[in-house]
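Below, each chain spelled out in residue letters.
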Amino acid sequence: MDQLEDLDSFLKNVDEISDLVKELNSSEVEWRKAVEKADCYLADKKTNKIKINTNCPQQPPLSSWSPQNAPSVENFMKTMEIDAEDRRECKRAKEIKATALKDKANEAYNQEDYETAVKYYTDGLAELKDMQPLYTNRAQAYIKLGKYQEAVSDCEWALKCNDRCVKAYLHMGKAYLALKNYNESRHCYKKIKEIEPGREKMLKEYLTQVDVEEERESQERSAREEFDMGEEKATIVPRLLEKLSRPKQTPLYYCGWLELLSQAINDCTGQTLFRLNNGFSIISSNDTMRSCILQKTKEACTQELSVSVLKLWRVICIGNDENQKMLMTCPASSQSIADLLTSDHIAVRKECLALLCLYSQMPHGRRLAIDNLNLHMLVKKLMVYISKPEQQQEIAAVIILENFASENKFCMQLRDVFTESVNVPFTKILRNISSSNQQVVPSLISAIGYLARDDVIRYNMAQCPECWEAFLVAMKQCSACGYKEILYSLLGLIFNLSIITSPAIQEHAVSLCGWCLGLLSDSDGGIITRATGVLSTVLPQAPAAVQHVIQGGVVSTMCRLLKGTGQTTTKYAIKTLTVCTASSHSAREELVKSDPRLSILRRLLDSSCDEVVSGNAALCLSHCLEVEGTASNLLGTSIVLLLLHHAAGNAKRMAVQQNAAISLGKLCQSEPRHMNKLRELHGLEILHSCMKLIT
């Protein structure tokens, strides 16, 4: 009886599984339902108690078996191989069809025909249901069509194909954001960070978008609630906008109401109500106001109206990301902001700079401005203001330039126009430093330094002879007038540019290094550090400059700095000293004469945690060992132990081990008695392993 029940149950399961298999071969929508049904079926079977048949199976009688009726192993394996090959061929054919459909879909997507793209992606999935790119690409098309829930579903299926699919999480994050499901959107972006930590900067921008959208929704909900409650401060903004919406009024009429509106908007609620009541379109669609802000008329009253509009824009954008976005993405307003910078009316220029300064303060505002403004015109005009100081305009202009220069995209867009728009006026300013512009020049140099982080801009500046000529003129003027703040900033810029090998640097290296050598006696430690840094980068490019500074006493000056300065100065000083001893025997002799037992170099080898310092100290020591008697002077010191420690160490920089090994070899060759100490420390094996380096 139990056997009959088990048989019935088995047959029932076979029927259910057969139905599921049929459904899995149906259309995509039914296939998805079938997959879910199969998952439920399997989960239910896992929970059922498995019955184990403990009865011993009946064996067929031996008399019924014969080699003739036994299955052939070879035939069975051959059948399996044929079946596997057929399946592979079928899979390849489906992949070819699905890929062809994907290419057609991609072409339609690029032509912005998103409906057709979705159709082709769907046809591709009918051929191959586990092709992950078809799901993510169709999700992207769904987002363009505003079908965000469908996009989320496709991303979920893509993740079933590949649970580390970054593209799926990216599109799902965008879809959830459009669905106002902010927590899920953040979760998707954070998952990308877990999978690919290197995308942190990109993800930070996406997470900022989520925060902005969530804040916008919260602001609008709060503003509507206050308006519905009939509070005075919530109802005054719509009433004032109604006054401004009247067409064909005089400029003075609009000026008055704009001033009242600017005073009425004093919090986030007012800013949000301005946006919700079409404030931006009311101003941009008004013929009188639009003609004023686009500088189509030069009358005094229209200039005052432009000032009022700019002031209102600044009021509604302070601390409000959504309003900043609305203003900057409106073509009329973004065009007018660039145009108003060229106004002859100083009050207009002042308000325009104040608005740009507001945008430049935060990354969100900077990116909006960079994406929507004419940057070439903007930068050119900012440099004009900086070049001709007037009523503090130059201070606002340099702040804007410095803030925008911190954005990589800003630097990249200036590459082609940098020389004409920035570098030419910048070098002109450096040649004419005076009391009238000394306050703004340090910030300008800082802004140029930010721009020079871009590889192309930095290379072009390093290759520009006019730049280096202007640097020398500026250094001379600053040293004579005591403009130390400018000098400090200028040395930092020169240091960053001189890292690049350049004929222009080599041409001016002697004069440049001569000025830096003179600055090493300055009382300002920061200037001394940066001047030493410039020497460490320029001297390797110019042998003539090396001889010039050696004659000027650079060796004794570096020794003095190495005896009691900070870590940064020490790094620059030991590199400078190493460059000098590498190219000049007289420099080596001077160093050994002033410090016969090389106590400075030994101290650096013993105490420095900086591998650059240790490596250069070992290299400098190897140079000094070429001076007769130096190796003998080091008998009785810990030099063998120090060099052995670095030669056998696990420094990240191979040069540290190489330099230490070379010095150790030279030491033992110059003075064989050091070999006794080396044997005592069991260091011969280490030295032999480094023989190739020494040779």
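Bear in mind the structure is a predicted one, so any value in this text is a computation, not a measurement. (Residues numbered from 1 in each chain as written. Predicted model: local features only at pLDDT ≥ 70, side-chain atom pairs only at ≥ 80, totals over all residues. Heavy atoms only, no water.)

Q: Honestly, unusual backbone geometry in this entry has me stumped. Any pointers?
A: Generally, phi is negative for residues other than glycine and the peptide bonds are trans, each holding for most cases. Even without being a glycine, Lys180 presents a positive backbone phi close to 65°. With respect to the element layout, Lys180 can be found in the loop between helix H7 (166–178) and helix H8 (182–195). Among the residues examined, Lys180 registers a relative accessible area of 44% and is labelled partly exposed. Positive phi, normally seen in glycine, also occurs at Asn278, with a value near 60°. (Helix = DSSP H or I, 4+ residues; strand = E, 2+ residues; numbered from the N terminus. Buried < 20%, exposed > 50% of the residue type's maximum accessible area, 1.4 Å probe, protein only.)

Q: Help me understand helix H26 (residues 465–481) in this model?
A: For an α-helix, the turn length of 3.6 residues means that residues three or four places apart are oriented alike. For H26, which comprises 17 residues, the first-to-last C-alpha distance of 25 Å matches the rise-based estimate of 24 Å (1.5 Å per residue) to within 8%. For H26, the set of buried residues is Cys467, Trp468, Ala470, Phe471, Leu472, Ala474, Met475 and Cys478. Elements that come into contact with the buried residues of H26 comprise helix H23 (418–430), helix H25 (455–462), helix H27 (484–498) and helix H28 (503–519). Phi turns positive one or two residues past the end of H26, at Gly482, with a value near 75°. (Expected span 1.5 Å × (residues − 1). Contact = heavy atoms within 4.5 Å.)

Q: What exactly am I supposed to notice about the nonpolar core here?
A: General note: in soluble globular proteins, nonpolar side chains tend to be found buried as a group. By size, the foremost hydrophobic cluster in this structure holds 164 residues, and its most contacted members are Phe274, Trp313, Phe426, Leu430, Leu451 and Phe471. The residues contacting Phe274, other than those within four sequence positions of it, are Val237, Leu241, Leu261, Ile265, Gly279, Phe280, Ile283, Leu312 and Ile316. Counting residues in hydrophobic clusters, the runner-up holds 40 residues, among them Tyr142, Cys155, Ala158 and Val166. (Core = buried A, V, L, I, M, F, W, Y, C linked by side-chain atoms within 4.5 Å.)

Q: When you look at the state of the cysteines in this model, what are you seeing that I'm missing?
A: Here, the word disulfide means a covalent bond between the sulfur atoms of two cysteines. The final tally for this structure, using the stated rule, is zero disulfides. Take Cys481: it sits in no disulfide, and the sulfur closest to it among the cysteines is that of Cys478, at 7.6 Å. (Disulfide = S-S within 2.5 Å.)

Q: Looking at this structure, how should I read the packing of helix H6 (residues 148–161) against H7?
A: A pair of packed helices can be characterised by two numbers: the angle between their axes and the separation between those axes. Taken N-terminus to C-terminus, the directions of H6 and H7 make an angle of 155°; their axes are 9 Å apart at the nearest point. Classified by the interaxial angle, the pair formed by H6 and H7 is roughly antiparallel. Crossing geometry of H6 relative to H7 is assigned as left-handed. Residue-level contacts link Tyr148, Ala151, Val152, Cys155, Glu156, Ala158 and Leu159 of H6 to Ala168, Tyr169, His171, Met172, Ala175, Tyr176 and Ala178 of H7. Within the contact of H6 with H7, the residues separate by chemical class into twelve nonpolar, one polar and one charged. (Axes fitted to C-alpha atoms, helices over the stretch in contact; angles between N-to-C directions. Parallel < 35°, antiparallel > 145°, perpendicular 65-115°, else oblique. Left-handed = near helix turned anticlockwise from the far one by under 90°. Nonpolar A, V, L, I, M, F, W, Y, C, P; charged D, E, K, R; others polar.)

Q: Please explain the side chain of Glu220 as it appears in this structure.
A: Residue placement: Glu220 occurs in helix H9 (residues 200–228). Given a relative accessible area of 12%, Glu220 falls into the buried group. In this structure Glu220 touches Thr272, Arg275 and Leu276, once residues within four positions along its chain are discounted.

Q: It is not clear to me how the packing of helix H5 (residues 132–144) against H7 should be interpreted in this structure. Could you clarify?
A: The interhelical angle for the contact between H5 and H7, taken along N-to-C directions, is 20°, at an axis separation of 10 Å. The angle between H5 and H7 falls in the class roughly parallel. Crossing hand, H5 versus H7: left-handed. In this structure, H5 uses Thr136, Asn137, Ala139, Gln140 and Ile143 to contact H7, whose residues at the interface are Lys167, Ala168, His171, Lys174 and Ala175. Along the lines of polarity and charge, the residues of the contact of H5 with H7 split into four nonpolar, four polar and two charged.

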